[in-house]
Amino acid sequence: MKTISDFNFEGKKALIRVDFNVPLNDQLDVTDETRINAAIPTLKKILDDGGSVILMSHLGRPKNGPENKFSLKHIIPNLSAKLGIKVTFADDCIGDSAKEEAANLQAGGVLLLENVRFYKEETAGDESFAKELASLGDIYVNDAFGTAHRAHASTTIAAHFFSEKCCGFVMQQELENAQKVLENADRPFTAIMGGAKISDKILIIEKLLDKVDHLIIGGGMSYTFFKAIGGQIGNSLVEEDKLELAKELITKAKERGVDLQLPKDSILADDFNNEANKLTADNYNIPDGWMGLDIGPEAGEVFSSVIETSKTVLWNGPMGVFEMSNFAEGTNQIAKAVVKATENGGFSLIGGGDSAAAVNNLGYGEKVSYVSTGGGALLEYMEGKVLPGVAALIT
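Residues numbered from 1 in each chain as written. Predicted model: local features only at pLDDT ≥ 70, side-chain atom pairs only at ≥ 80, totals over all residues. Heavy atoms only, no water.

Visitor: Got a minute to help me understand the overall build of the protein chain in this structure?
Guide: When its secondary structure is counted, the protein chain shows 14 helices and 17 strands. Relative to a compact globule of 395 residues, whose C-alpha radius of gyration would be 21 Å, the protein chain shows 23 Å and is just as compact. Judged by the C-alpha coordinates and their principal axes, the protein chain covers about 70 × 45 × 35 Å. Within the protein chain, the proportion of its 395 residues that are buried is 56%. Working note: accessible area of the protein chain is about 16,400 Å², and carbon and sulfur atoms make up 45% of it. Distance from the positive charge centre (38 side chains) to the negative charge centre (56 side chains) of the protein chain: 3 Å. (Helix = DSSP H or I, 4+ residues; strand = E, 2+ residues; numbered from the N terminus. Rg over C-alpha atoms; globule rule 2.2 N^0.38 Å. Buried < 20%, exposed > 50% of the residue type's maximum accessible area, 1.4 Å probe, protein only. Areas by Shrake-Rupley, 256 points an atom, 1.4 Å probe, with all protein chains shown as cover. Lys, Arg positive; Asp, Glu negative; His and termini not counted. Charge placed at Lys NZ, Arg CZ, Asp CG, Glu CD.)

Visitor: I keep staring at the environment of Asn235 and nothing clicks. Help me out?
Guide: For Asn235, the location among the structural elements is in the loop between β9 (232–233) and α9 (243–255). On a C-alpha basis, the gap between Asn235 and Gly292 in space is 7.9 Å, while along the polypeptide they are 57 residues apart. Residues within four places of Asn235 in sequence aside, it is in contact with Pro287, Asp288, Gly289, Trp290 and Met291. (Contact = heavy atoms within 4.5 Å.)

Visitor: Can you help me understand the sheet that holds strand β5 (residues 139–142) in this one?
Guide: Backbone hydrogen bonds are what pair the strands of a sheet, in a parallel or an antiparallel way. Strands sit in the order β3-β4-β2-β1-β5-β6 across an open sheet of 6 strands; the sheet is parallel. Only two strands of the sheet have a single neighbouring strand rather than two, namely β3 (88–90) and β6 (165–167). Here the average twist between neighbouring strands, direction ignored, is 25°. Bridge analysis of β5 against β6 gives 3 bridges, and the strand direction is parallel. Following the sheet pairing, Asn142 is matched in β6 by Cys167. Here helix α1 (residues 34–49) sits on the sheet in contact with β1 (13–17), β2 (52–56), β4 (110–113) and β5, set at roughly 150° to β2. (Pairing = 2+ DSSP bridges. Axes fitted to C-alpha atoms, helices over the stretch in contact; angles between N-to-C directions.)

Visitor: What is the right way to read helix α2 (residues 76–83) from this model?
Guide: Given 3.6 residues per turn, any residue in an α-helix points the same way as the ones three and four places further on. Taken together, the buried positions of α2 are occupied by Ile76, Asn78, Leu79, Ser80 and Leu83. For α2, the secondary structure elements touched by its buried residues are α1, β2, β3 and β4.

Visitor: Looking at this structure, how should I read the pattern of salt bridges?
Guide: Side-chain pairs of opposite charge can arise whenever the charged atoms involved come near each other. Tallied over the entire structure, the rule returns 14 salt bridges. For Lys242, the salt bridge identified is with Asp241, shortest N-O distance 3.1 Å. By relative accessible area, which is 17% here, Lys242 ends up buried. The salt bridge partner of Glu244 is Lys247, with a shortest N-O separation of 3.4 Å. Of the two residues, Glu244 and Lys247 both sit in helix α9, 3 residues apart, roughly one turn of that helix. (Salt bridge = Lys/Arg side-chain N within 4 Å of Asp/Glu carboxyl O.)

Visitor: Teacher, can you tell me more about the sheet that holds strand β17 (residues 370–371) here?
Guide: Strand order in the open sheet formed by 6 strands is β10-β8-β7-β15-β16-β17, and the pairing between neighbours is parallel. A single partner strand is all that each edge strand has here, and the edge strands are β10 (259–261) and β17. This element, helix α10 (residues 297–308), spans β7 (189–193), β8 (214–217), β10 and β15 (312–316) of the sheet and lies at about 145° to β8.

Visitor: I tried to follow the side chain of Asn283 on my own but got confused; where do I start?
Guide: Structurally, Asn283 can be placed in the loop between β12 (278–282) and β13 (285–286). Accessibility expressed as a relative area gives 0% for Asn283, which makes it buried. Polar side-chain contacts of Asn283 include one of 2.5 Å to the side chain of Ser266. (Polar contact = N/O pair within 3.5 Å; in protein donor to acceptor, adjacent residues only side chain to side chain.)

Visitor: In this structure, what is going on with unusual backbone geometry? I would like to understand it.
Guide: A negative phi angle characterises most non-glycine residues, just as the trans form characterises most peptide bonds. Following Arg187, the chain continues to Pro188 via a peptide bond in cis, the omega torsion being 5°. Even without being glycine, Leu28 reaches a positive phi, approximately 65°. Structurally, the position occupied by Leu28 is in the loop between β1 and α1.

Visitor: Explain the environment of Gln261 to me, please; I cannot follow it from the model alone.
Guide: Its place among the elements puts Gln261 in strand β10. Take Gln261: its relative accessible area is 16%, and that puts it in the buried class. Measuring from C-alpha to C-alpha, the distance between Gln261 and Phe303 comes to 7.7 Å, with 42 residues separating the pair along the chain. Residue contacts for Gln261: discarding those within four places in its chain leaves Leu215, Ile216, Ile217, Val302, Phe303 and Val306.

Here it is as structure tokens:
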């Protein structure tokens, strides 16, 4: 697979799949520019070479064609400010308006196409739709790692129509950092798995049991483990059909010499809301009528001490319902421990989604080694699956 550094873009129109799926508020202003910021080095490299840039992206999940709230025109002010030039906008991603704007684009210019998901052909991976997109550029660049696990028209199929294609800097960094953790991790290596369900993380946990020294389990999935080993978990989240699997994972960890850490205690609530009554309890003895919504103080301390002395840390998934401020402390504590490990010379990879949101919201994005832009894509890559968007770039 070639990277953007392998090409000189002088006189070329680069068709780039970026991930500008950014959050907008009620006034349709961008509230988090992380994904826009991530793409800027790729765009600047092409512009500095003397090329021009045609950008494709999706925004949200439009169901029935064009909707104003999902239009990419809302990010034009942010993108223009970042690049220091006026970005042109095409009110369609295919058809006459897109073709005309692309044909008129001069070297040093940037054209943003309208949301590719306004067409159902995008997610269907439709070949004729992909061919229309491909006709707009001379060279294809995929810098949208967050959608690389989808065989969509703009992320995968369009690449087949180009002899010259490569990954951008974001995609390159994502793959290199994932490989570093999977194949060249300094020890001790600690993986922190959180989130609601074991079923979402089975494959990655099994893969990591062959690689890590410590595996920390937090979040809603931990209660399935506790029930599996005879704990009383009250009204906490549980996957009844995964109890045997939880036992198997505990056994596998022992067989492979992995220190599997479950949270010793939890912050409980008597209702699923931020203003519910709270209680701290041992995870083997959660009273009926109460549910665990965050790891407890003892668990936070134990987990932190393991993380802070690690040389490689992979974190995917929060420790509790961190969107509720009264149940965010465990996730915050883990974020601080990951920062400490990084300051101590360790390498830390934050696997997209909720973990990335937690780290960024706390202002720690610059204090860890790398925050992935792709939650699902990173998990699938680490599970050993082939990502269609990556495979399409291999020549």
